[in-house]
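Structure assessment
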Amino acid sequence: MRSFAIFVILCSAGSLTQLRAQISVQGGNPLMSVTTGTAGAQPVSVTNAATSLRWRKQNVITKITVSTSCPGQRFTLTVLATNLTYGVAAPQVTLFNGMPATNFVLNIPTGNPVHKTCTLQYTASATFAQGNSAELGNDVHAITYTLVAQ
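Only a predicted model underlies this, so the values are computations on that prediction, with no experimental measurement involved.

**Topic: the overall build of the protein**
A count of helical and extended segments in the protein gives one helix and 11 strands. Along its sequence from the N terminus, the protein presents helices and strands in the succession β-β-β-β-β-β-β-β-β-β-α-β. With 150 residues in all, the protein has 40% of them scored as buried. Nonlocal contacts in the protein, meaning residues at least 24 apart in sequence, comprise 79% of its contacts between residues at least 6 apart. If you sum the accessible surface of the protein, you get close to 7,200 Å²; carbon and sulfur atoms cover 52% of it.

**A few points about the environment of Leu106**
Considering the arrangement of structural elements, one finds Leu106 in strand β9 (residues 102-108). Overall, Leu106 belongs to the partly exposed group, its relative accessible area being 23%. With 41 residues separating them along the chain, Leu106 and Leu147 place their C-alpha atoms 10.0 Å apart. For Leu106, the residues in contact, after removing those within four places along its chain, are Thr62, Lys63, Gly87, Val88 and Gln150.

**Regarding the sheet that holds strand β2 (residues 23-26)**
Spatially, the five strands line up as an open sheet ordered β2-β4-β10-β6-β8, and their pairing is antiparallel. Where the open sheet ends on each side, the last strands, each with one partner, are β2 and β8 (93-95). Going across the sheet, the axis of each strand differs from the next one's by a mean of 30°, ignoring polarity. Bridging between β2 and strand β4 (residues 46-56) involves four bridges; their strand directions are antiparallel. Among the inter-strand pairings, Gln26 is bridged to a residue of β4, identified as Ser52.

Conventions adopted
- Residues numbered from 1 in each chain as written.
- Predicted model: local features only at pLDDT ≥ 70, side-chain atom pairs only at ≥ 80, totals over all residues.
- Heavy atoms only, no water.
- Helix = DSSP H or I, 4+ residues; strand = E, 2+ residues; numbered from the N terminus.
- Buried < 20%, exposed > 50% of the residue type's maximum accessible area, 1.4 Å probe, protein only.
- Contact = heavy atoms within 4.5 Å.
- Areas by Shrake-Rupley, 256 points an atom, 1.4 Å probe, with all protein chains shown as cover.
- Pairing = 2+ DSSP bridges.
- Axes fitted to C-alpha atoms, helices over the stretch in contact; angles between N-to-C directions.

Here is the structure:
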């Protein structure tokens, strides 16, 4: 079976200066390959939950947004916040090149503890019609998580 999509996720953290926000991605850049499928069916999606976000509490109720840059994107990538220590996860976000910042975690309270976290659950998928990365190249996402006042 040929590889249908490879996603390299380059995660970076953004912030608004007036909040003095501190947010970081823990666990490195996951590499995801959609490589298996069944005859007569689409390739099997791949999920990776090896990375997490860590941020400092703020003096106001905050939220985290997510956006990505992936010129020439051909395949599908989604992200979902799981295992939140504080706040409410927004529904799964489909990441696409040039998308506006989209709500990811909402209603993060101001109280202790100082550090709050969530797991980043990425799901990569491809269809036979989209082609494959061996012929078309890999999708490389530069994903930005931003902590802002809500």
